[in-house]
Amino acid sequence: MKAFLRPDGKKGIRNVIVVVYLVECAHHVAREIAFPFRDQEVHLIGFTGCYPNHYSHRMLERLCTHPNVAGALLISLGCEGFNRSQLATTIRATGRPVHTLVIQSTGGTRKTIAEGTKWIQETIQAATATPQVEMEMHELIVGTICGGSDATSGITANPAMGRAFDLLVEKNGTAIFEETGELIGCEQIMAARAVTPELGQELIRSVEKAARHYTVLGHGSFAPGNADGGLTTQEEKSMGAYSKSGSSKISGIIKPGDIPPGGGLYLLDVVPDGEVRFGFANINDNAEIAELIACGSHIIIFSTGRGSVVGSAISPVIKVCANPETFRRMPEDMDVDAGRILEGKGSLEEVGQEIYAKIIAVANRERTASELLGHQEFSLTYKSFEPIGPSCLPLNYQTYAMAH
Amino acid sequence: MPVPSNKTPGLLKLHSLDNVLTATRSLEAGEHLLLEGQSITLTESIPIGYKVSACDIREGEKIFKYGVPIGSARCQISAGTVVHTHNLQSDYLPTYTLDGKNSYLKIHS
């Protein structure tokens with residue numbers, strides 16, 4: 001695979017410039033700057049809150065220094081709580097171009113849009129000179145998620161993605177699955193796949209934490225469309241979601257913003273620690289996708305039965321359609337037809353290999369359905385996490401601790 | 001004698017322990033389906049992906065899919081009927097639907 005080499009040594013498969021609003025009040029200005037360049041890999045991300053939050057700050061640090069990102073333009077209103085100079089310092093330290101525009105000191109909306117547009121034009125030009133180098137499978141990180149699930153998701157697309165993950169892990173690539181709230185009921189069988197018994201206990205604890213979180217909020221990770229699609233209970237949805245992880249050994253647990261320290265299969269624990277604050281763990285699929293990307297995911301594979309249309313800023317989203325009726329209804333939004341398994345037109349193995357081949361093709365610049373349609377959804381909210389401990393990464397905690 | 005449907009099999013058993021089957025295509029009421037030598041006559045239409053009881057299930061009995069329990073029967077369920085929110089409940093968390101009760105009945109009433 002050919003990759004873009006960043007000054008900090010990271011290798012990306014896209015050459016994205018991010019325009020980042022640091023509070024909702026700067027959102028419009030940032031969008032006006034980014035929108036005319038939407039077909040030139042200029043993506044809009046940001047944080048809407050005015051009050052500072054360690055999690056969201058770290059998320060934006062990770063996203064702005066992601067391997068797929070070539071540079072960042074920060075748009076601040078001026079009076080918000082976000083520490084813009086610290087974010088800019090972190091980005092600059094990686095060698096990426098970064099520029100901050102403060103709307104209040106630049107002279108308002110029009111002047112900021114004009115200055116921002118000029119910076120983007122120059123930076124796009126500079127980004128074309130990014131050196132391209134060879135990238136190996138062990139350098140690739142792929143995240144997985146399911147959204148708009150129905151009762152076909154757990155039979156076709158999810159286990160097929162699990163097969164693709166097994167192939168990736170065999171090649172020493174890195175695979176991340178997530179959403180502990182969708183693993184409720186699977187914790188014991190999952191724990192048996194941990195590389196150590198201690199990690200198995202951590203896996204169980206992370207799912208118990210999710211169950212407590214959802215019980216306090218009175219609502220599991222279950223949308224009305226799931227029931228309309230034939231899923232009845234959280235346990236049933238969980239079993240389907242769990243099959244995305246494939247059958248490899250589980251190497252560790254990470255939290256949003258943690259980069260996996262080596263190849264293997266990792267669980268991303270997305271449910272906040274401590275007492276329940278700030279509301280639901282993940283308010284939508286794109287909040288989870290942003291967290292997978294903040295953990296370094298170059299590519300996201302996304303299974304859907306009901307028919308999700310989303311893509312993402314920064315990393316391409318490959319959509320694997322579980323339901324053959326949905327695929328026929330909205331084929332332009334899908335990359336892989338996994339529902340054909342139900343019609344006897346393909347096996348889990350064949351579709352798994354097709355997904356794996358698609359991952360390589362997309363890494364080699366092939367555009368996904370959601371990229372071609374211009375999808376660049378992004379969502380970031382308030383959360384709070386404790387750092388992970390050594391038992392979460394039994395194989396390589398030292399490597400992780402040195403890098404973080 | 002019921003005649004088995006000549007379409008694709010239509011019902012899939014995911015694990016030997018399971019007491020529910022999955023519809024692999026949308027099925028019509030009155031279709032006769034063969035499964036492991038047993039003929040099942042459908043009393044209602046079943047959308048793709050939905051669950052059908054493979055045998056009579058008592059109230060309170062665990063429902064098995066993928067070889068693991070996915071909840072408990074709310075009531076007696078006879079063989080060949082749809083298993084969904086009206087007769088199956090989670091052992092963990094309540095299931096949320098837009099009308100606050102039974103989305104399956106809403107669609108098919």
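Everything below is about the structure shown above.
Peer 1: Explain the sheet that holds strand S4 (residues 42-46) of chain A to me, please; I cannot follow it from the model alone.
Peer 2: To summarise the sheet geometry, strands pair through backbone hydrogen bonds and adopt either a parallel or an antiparallel arrangement. Residues and elements named next belong to chain A. If you walk across this open sheet you meet the 4 strands as S4-S3-S5-S6, and the pairing is parallel. Only two strands of the sheet have a single neighbouring strand rather than two, namely S4 and strand S6 (98-102). Strand-to-strand twist of the sheet, defined as the mean angle between neighbouring strand axes without regard to direction, takes the value 20°. Relative to strand S5 (residues 69-76), strand S3 (residues 16-21) runs parallel, the two being bridged by 6 bridges. Among the inter-strand pairings, Ile-17 is bridged to a residue of S5, identified as Gly-71.

Peer 1: Sorry, what's going on with the pattern of salt bridges here?
Peer 2: Oppositely charged side chains can form a pair if their charged atoms are brought close together. Scanning the model with the defined rule gives 22 salt bridges over all chains in all. Linking A:Glu236 and B:Lys51 is a salt bridge whose minimum nitrogen-to-oxygen distance equals 2.9 Å. In this pair, A:Glu236 sits in helix H10 (residues 234-242) while B:Lys51 sits in strand S5 (residues 51-53), so the two residues belong to two different chains. For A:Glu343, the salt bridge goes to A:Lys345, with nearest N and O atoms at 3.3 Å. According to the relative accessible area criterion, A:Lys345 is exposed, its value standing at 54%. Here the salt bridges do not stand alone but share partners, grouping A:Lys209, A:Lys255, A:Asp269 and A:Asp273 into one network.

Peer 1: What is the right way to look at the layout of surface pockets in this model?
Peer 2: A probe matching the size of a water molecule, rolled over the atoms, marks out where space remains unfilled. Residue and element names in this part refer to chain A. There is about 610 Å³ of room inside the largest pocket. Lys-10, Pro-67, Ile-141, Ile-259 and Pro-260 are the residues nearest the centre of the largest pocket, which is lined by 29 residues in total. When residues of the lining of the largest pocket are traced back to their parent elements, those giving at least two are helix H2 (54-64), helix H11 (285-294) and helix H15 (397-403). Counting residues per element, the lining of the largest pocket draws most heavily on H15, at 3 residues. In terms of residue class, the lining of the largest pocket is made up of 10 nonpolar, 13 polar and 6 charged.

Peer 1: What is the right way to read the pairing of S4(A) from this model?
Peer 2: One face of the sheet, then the other: side chains in a regular strand alternate in exactly this way. All names here are of chain A. The buried count for S4 comes to 5 of 5 residues, which makes it a mostly enclosed element. The pairing of S3 with S4 spans 5 bridges and is parallel. Across the sheet, residue Tyr-21 finds its bridge partner in S4, namely Gly-46. Following the chain from S3 across helix H1 (residues 27-34) to the adjacent parallel S4, one finds a crossover that is right-handed.

Peer 1: Explanation requested: helix H3 (residues 84-93) of chain A in the structure shown.
Peer 2: Residues spaced three or four apart along an α-helix face the same direction, because each turn holds 3.6 residues. Residue and element names in this part refer to chain A. Those residues of H3 lying buried are Leu-87, Ala-88 and Ile-91. Along the long axis of H3, the arc covered by the buried residues comes to 100°, so they all point the same way. Where H3 is buried, its residues contact H2, S5 and S6. Within two residues after H3, Gly-95 carries a phi angle of roughly 90°, on the positive side.

Peer 1: Any chance you could explain the environment of B:Tyr66 here in plain terms?
Peer 2: If you trace the backbone, B:Tyr66 turns up in the loop between strand S6 (62-65) and strand S7 (68-73). For B:Tyr66 and B:Asp56, which are 10 residues apart along the polypeptide, the C-alpha to C-alpha distance reads 19 Å. Other than its neighbours up to four places away in sequence, B:Tyr66 contacts A:Gly154, A:Ile155, A:Glu236, A:Met239, A:Gly240, B:Leu14, B:His15 and B:Asp18. Side-chain polar atoms of B:Tyr66 contact the backbone oxygen of A:Gly154, separated by 3.4 Å.

Peer 1: So what exactly am I meant to see when it comes to unusual backbone geometry here?
Peer 2: Outside of glycine, negative phi angles account for most residues, and trans bonds account for most peptide bonds. Phi angles above zero are rare outside glycine, and A:Glu41 is one such case at about 60°. Residue placement: A:Glu41 occurs in the loop between H1 and S4. Within the chain, B:Tyr66 stands out as a residue other than glycine whose phi angle is a positive 60°. For B:Tyr66, a relative accessible area of 16% translates into the label buried.

Peer 1: Where do I start with the sheet that holds S7(B) in this structure?
Peer 2: Here 3 strands make up an open sheet; going across it, the order is S6-S7-S9 (chain B) and the pairing antiparallel. Each edge of the open sheet carries a strand with a single partner, namely S6 and strand S9 (88-89) of chain B. Pairing of S6(B) with S7(B) involves 4 bridges; the strand directions are antiparallel. Opposite B:Ile63, over in S7(B), you have B:Gly71 as the bridge partner. Strands S6 and S7 of chain B of the sheet are contacted by H10(A), whose axis makes an angle of about 160° with S7(B).

Peer 1: Explain the state of the cysteines here, please?
Peer 2: Each disulfide consists of one covalent bond between the sulfur atoms belonging to two cysteines. All names here are of chain A. Overall, the coordinates contain 0 disulfides over all chains when judged by the stated rule. Distance from the sulfur of Cys-50, which forms no disulfide, to the nearest cysteine sulfur (Cys-25) is 6.2 Å. For the unlinked cysteine Cys-186, the closest cysteine sulfur is that of Cys-146, found at 11 Å. Cys-186 sits in the buried class, given a relative accessible area of 0%.

Peer 1: Mind showing me how you'd approach the interface of chain A and chain B here?
Peer 2: It is common to give the size of an interface as the accessible area that goes away when the parts come together. Taken together, the contact between chain A and chain B spans 30 residues of the former and 30 residues of the latter. In total, about 2400 Å² of surface goes out of reach between chain A and chain B, with carbon and sulfur atoms giving 64% of it. The interface formed by chain A and chain B holds 2 salt bridges in total. Here chain A and chain B share 12 residue pairs in polar contact (both at pLDDT 80 or more) between them. Going through the elements one at a time, helix H8 (197-217), helix H9 (224-228), H10 and helix H12 (324-329) of chain A are the ones with two or more residues in the side of chain A that touches chain B. Top contributing element to the side of chain A that touches chain B by residue count: H10(A), with 5 residues. For the side of chain A that touches chain B, a count of residues per class yields 12 nonpolar, 13 polar and 5 charged.

Criteria and thresholds
- Residues numbered from 1 in each chain as written.
- Chains lettered and ligands numbered in written order.
- Predicted model: local features only at pLDDT ≥ 70, side-chain atom pairs only at ≥ 80, totals over all residues.
- Heavy atoms only, no water.
- Pairing = 2+ DSSP bridges.
- Helix = DSSP H or I, 4+ residues; strand = E, 2+ residues; numbered from the N terminus.
- Axes fitted to C-alpha atoms, helices over the stretch in contact; angles between N-to-C directions.
- Salt bridge = Lys/Arg side-chain N within 4 Å of Asp/Glu carboxyl O.
- Buried < 20%, exposed > 50% of the residue type's maximum accessible area, 1.4 Å probe, protein only.
- 1 Å grid on protein atoms, 1.4 Å probe; cavity = no way out; pocket = protein on both sides within 12 Å on 5 of 7 lines; lining within 4 Å.
- Points joined across faces, edges and corners; volume = space filled by probe spheres on them.
- Nonpolar A, V, L, I, M, F, W, Y, C, P; charged D, E, K, R; others polar.
- Right-handed = clockwise from strand over helix to strand, strands pointing away.
- Arc of directions from axis to C-beta.
- Contact = heavy atoms within 4.5 Å.
- Polar contact = N/O pair within 3.5 Å; in protein donor to acceptor, adjacent residues only side chain to side chain.
- Disulfide = S-S within 2.5 Å.
- Buried area = accessible area lost by both parts, 1.4 Å probe.

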